[in-house]
Each structure stands twice: as C-alpha cells, then as structure tokens.
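Report on the structure
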Amino acid sequence: MDFEIPEELVDLKKSIREFVDKELLPVSQQVEDEDKIPDNVMKQMKELGYFGLPFPEEYGGMGVGYLGYCLALEEIGRANAAYSNILGAHTSIAGGTINLGGNHQQKDKYLRGMAEGRYLGAFGLTEPGSGSDAASIRTTAVKKGDRYIINGQKIWITNGPYADLITVYATTDKTLGARGISAFIVEKGTPGLDYGKTDHKMGLHGSHTCPLFFEDMEVPEENRLGPEGTGFYTAMKALDGGRVSLAAGAVGGAQFMLEASVKHAQQRHQFGKAIGENQAIQWMLADMETEIHAARLMVYHAAWLLDQGKRASHEAAIVKVYASEMAGRVADKAVQIHGGMAYMHDSPIERGYRDVRILRIYEGTSEVQRMIIAGDLLKNSSR
Ligand SMILES: Cc1cc2nc3c(=O)[nH]c(=O)nc-3n(C[C@H](O)[C@H](O)[C@H](O)COP(=O)(O)OP(=O)(O)OC[C@H]3O[C@@H](n4cnc5c(N)ncnc54)[C@H](O)[C@@H]3O)c2cc1C
C-alpha cells in the first residue's frame, strides 16, 4: 500500500491552491452577494484547463485522472461551493457520460469543446415525477428516420440556464424500464428546447439551475450516446465519479470551515482567554479534523479505484454519504465556534452552512446511498 500522491499531482494541487487563494477566495462573498461568478474568473479557470481536468489528453483534457480532479476540487471547494458545483455538473456527470458512452467523433467534438472551455455542460436526468427513482423518467425519444423526437421535462438542472450542451436521458422503449433509457447530447439552440425560470435556491449562489422543456425537440441520431437502452447504465456509472468528486468538494468546504474555526478559536477572547483554550472548543476542532481526514482518505481511495478502471459504485456511495454528512456536522460546529457572527449573512460560515445542505440530496440522497451500500452487503455477504 502506497499513500504517496504522485509528485505531478502534488504540484497540480499546489498551483490550484495558489490560484484559489489569489483569484477565487477574494471574490467568494461577491459571488454570494451578486449570485454570479465574475466572467474573468470563469475565463481564467477555462484557460487553465480546469474544465477538462480528468478528460483524456487525446480529447484536449489534462488527463490527471480522478485523483488529480478530486485534489483540484478539494482546493476549489474551499473557496465557494458554487465553483465546485458548476465544475462537477460539467465535468463529472455531463462530461463523464460523454467520456463513458460517446464514440470518437462525439468525444472529439463535444468532450474536446468542454475541455477547452468552449462548451459548458449540463446533465439532465431529474424530472418533476422522477427524483430518487431515476429510472421512472417520462421523457420520451421516438425515432423518426435519422432523428429522435424528444418530448418531456427536466427540473433543477445545474448549469441549465446557460449550458452549451446537455446530456438528456429519455425513454426509447417504455416496456424495458431502466434498460429502455437512452442518452442524447442536446445542443443549446436546438428547436423545441425551452427554459423555465432560474430557480431561487437556499444556497450555492453563483451556480444556477432551471427546468428544461422539450417539445418535439429533434435530435440527430448521431447525438445518441452508445446503443439504445444504455443511457441509464452510463448515467449511473458517471454518477459514481460524480459522487466521489462531490465528496472532494465537501472535504474542501469543510477544510475551509475548520481553518476559519481554528483561527477564530485563537483570536476570540472571552473570560480573559482565547476560546480555543477551553476543552469544549478543542474537542469540536479535533472532531472536525478527524472527520475531514477520514473523508479525504475515502475520496482518494475511491478516486484511485476509478483511475484503475475498477467499478467503484459501493465505495462512491460510502464516500458520498460520509463526506456529505461530515460536511454538515463540520459546518454546524463551525457555526457554534464562531458564535453569533456566523449567523450573519456576510459570514462565509453562514454561507458554508447553507451550501453544504444540498450535498445530502443531489446526485443521490443519503437514503439512496445507504440503499446501495446495504443492497451490496445483502447481495454479497462475503465483501
Ligand atoms: C440545487 C440542485 C441541483 C440539482 N442539479 C441536478 C442536475 O444537474 N441534474 C439532474 O438531473 N438533477 C439535479 N438535481 C436533482 C437531484 O438530483 C434530486 O433532487 C435528487 O436526486 C433527489 O430527488 P428528489 O429531490 O425528487 O427527492 P425524492 O426522490 O422525492 O425524495 C424525497 C425524500 O424521500 C427519500 N426517499 C425516496 N425514496 C426512498 C426510499 N426508497 N427509501 C427511503 N427514502 C427514500 C429521499 O431520500 C428524500 O429524503 C438537482 C437538485 C438540486 C436541489
């Protein structure tokens, strides 16, 4: 067993940390207040290759694998969850579906465009009647000559309002359930694609979601990803990577809150001494550090499995449930340590407390992850 992170990835993490400290952290509150990431910041992230970190170099990506990608998200997640959320939807799940299910031409056009920052990606699976039970989607794709006619609706699609492409999941054969779902690449501007109002969310300000409507939307057959009926499987496999990288962002967010809490515990004086001199505060800090450390190791292990080409659904579910719930506990302790000031809107701790809440819901709720973990245990007691 080797716990050493390869040198080139250590260097990548260091350079991203420097970028985050210089460019992202100073505008974190501005992103929250204006509900927008400044254009020049997005431009810099694209130019630095952050939108194609794990994609193969053959298709313009940085080829740093899932471990490199997770190390990057850990740093980026420290600044503001909006950044890691936009990147995660684009890279892990939209890009992941194309990377896993696409042919050479599709990857050469779309994955390359995504890696080079020309296309922003979104992943369109959830519908009003289909959340956790994702195989119950009602959007249909009916073949007509060399095109598919897609009808239906998606909701809460991250990057939806401005994505250049969306991976859309639709039923091509209702009788087959999950095995009748196919995936398509839909470009912005496709006739029949319409957008609902941008959602007003509890947190993740600066990252946007919206409903998407498809009315007789025509998509060329060449934009179908893989054979008919493989879309659900590809989406679930992409979600394995999504859950691991989401956990990496959670570790980064939690790390930020721990660092802020340590500083506050040293600087804030009550009863004539620093509050950090009290065991009650020390134990909270120790628990935060312990849980972050555990989640970080889980992320690195699951990312390593993915980089070995191994199936990691079980480990992805474990790290997703643990890291997302860990981030909630860490955020809660950070609020406690900061006292009343963490209840104020201009506090990054207040923002972090709201931002981490979604981690237990999207890309499969905590309950869904526990269903996967327990299901694996009961199917295979020799694990
Ligand atoms: C900010 C945000 C961004 C999102 N981005 C995207 C995106 O980019 N693309 C996309 O496709 N979707 C996206 N989603 C949707 C997200 O993936 C869903 O919200 C999530 O899958 C849960 O579905 P649901 O909200 O409909 O909850 P439901 O499925 O209605 O679940 C409600 C509750 O019931 C529980 N539950 C359901 N079934 C069971 C069961 N069998 N046993 C025990 N408990 C159960 C759930 O765990 C949950 O606690 C986003 C959502 C949000 C809020």
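The structure displayed is predicted, hence computed values, not measured ones.

Thoughts on the side chain of threonine 234
Looking at the secondary structure, you find threonine 234 in helix α7 (residues 231-267). Of note is the side chain of threonine 234, whose polar atom sits 2.8 Å from the backbone oxygen of threonine 230. Apart from residues no more than four positions distant in its own chain, threonine 234 is found in contact with Thr97, Leu100 and Gly101.

Focus: the domain arrangement of the chain
In terms of domain boundaries, the chain breaks down into domain 1 (7-115), domain 2 (121-229) and domain 3 (232-379). The straight-line distance from the C-alpha centre of domain 2 to that of domain 3 is 30 Å. Between domain 2 and domain 3, the residue contacts involve 12 residues of the former and 11 residues of the latter. For the pair domain 2 and domain 3, the summed buried area comes to about 930 Å², and 72% of that belongs to carbon and sulfur atoms. Where domain 2 packs against domain 3, one counts two residue pairs in polar contact (both at pLDDT 80 or more). Split into classes, the residues belonging to the side of domain 2 that touches domain 3 amount to nine nonpolar, three polar and no charged.

Re the packing of aromatic side chains
Within the structure shown, the criterion is met by five aromatic pairs. Note on phenylalanine 19 and tyrosine 50: the rings are 5.4 Å apart at their centroids and 85° apart in plane angle, and the pair reads as edge-to-face. A residue pair is termed long-range when its members are at least 10 positions apart, and phenylalanine 19 in helix α1 (residues 7-24) and tyrosine 50 in the loop between α3 (39-47) and α4 (65-79) qualify at 31 residues. Look at tyrosine 50 and you get buried, because its relative accessible area is 4%. Between phenylalanine 123 and tyrosine 169, the ring centres sit 4.9 Å apart and the planes meet at 55°, which makes this aromatic pair tilted. Taken as a pair, phenylalanine 123 in strand β1 (residues 121-124) and tyrosine 169 in strand β4 (residues 165-171) lie far apart in primary sequence, 46 residues in all. There is no split in this pair, since phenylalanine 123 and tyrosine 169 are both buried.

As for the pairing of strand β2 (residues 140-144)
Where β2 lies against strand β3 (residues 147-158), five bridges are found, and the strand directions are antiparallel. Bridge assignment links alanine 141 to a residue of β3, and that residue is isoleucine 150. The hairpin turn running from β2 into β3, its antiparallel successor, is two residues long, and glycine 145 in that turn takes a positive phi close to 65°.

With respect to the site of the ligand
With respect to spatial proximity, 17 residues lie near the ligand, and among them Phe123, Thr126, Ser132, Thr365 and Glu367 are the closest. Separating an oxygen atom of the ligand from a side-chain N or O atom of serine 132 is a distance of 2.6 Å. In the model, a nitrogen atom of the ligand is placed 2.9 Å from a nitrogen or oxygen of the threonine 158 side chain. Relative to its free-state accessible area of 980 Å², the ligand is covered by the protein chains to the extent of 64%. Elements that contribute at least two residues to the shell around the ligand include exactly β3 and α11 (366-379). It is β3 that provides the largest number of residues to the shell around the ligand, a total of three residues. Of the residues contributing to the shell around the ligand, the split by class is eight nonpolar, six polar and three charged. Two domains each provide a minimum of three residues to the shell around the ligand, namely domain 2 (121-229) and domain 3 (232-379).

About the criteria used
Residues numbered from 1 in each chain as written. Predicted model: local features only at pLDDT ≥ 70, side-chain atom pairs only at ≥ 80, totals over all residues. Heavy atoms only, no water. Helix = DSSP H or I, 4+ residues; strand = E, 2+ residues; numbered from the N terminus. Polar contact = N/O pair within 3.5 Å; in protein donor to acceptor, adjacent residues only side chain to side chain. Contact = heavy atoms within 4.5 Å. Domains from an automatic or database assignment. Buried area = accessible area lost by both parts, 1.4 Å probe. Nonpolar A, V, L, I, M, F, W, Y, C, P; charged D, E, K, R; others polar. Phe/Tyr/Trp six-rings, centres within 6.5 Å; stacked < 30°, edge-to-face > 60°. Buried < 20%, exposed > 50% of the residue type's maximum accessible area, 1.4 Å probe, protein only. Pairing = 2+ DSSP bridges. Near = heavy atom within 4 Å. Areas by Shrake-Rupley, 256 points an atom, 1.4 Å probe, with all protein chains shown as cover.

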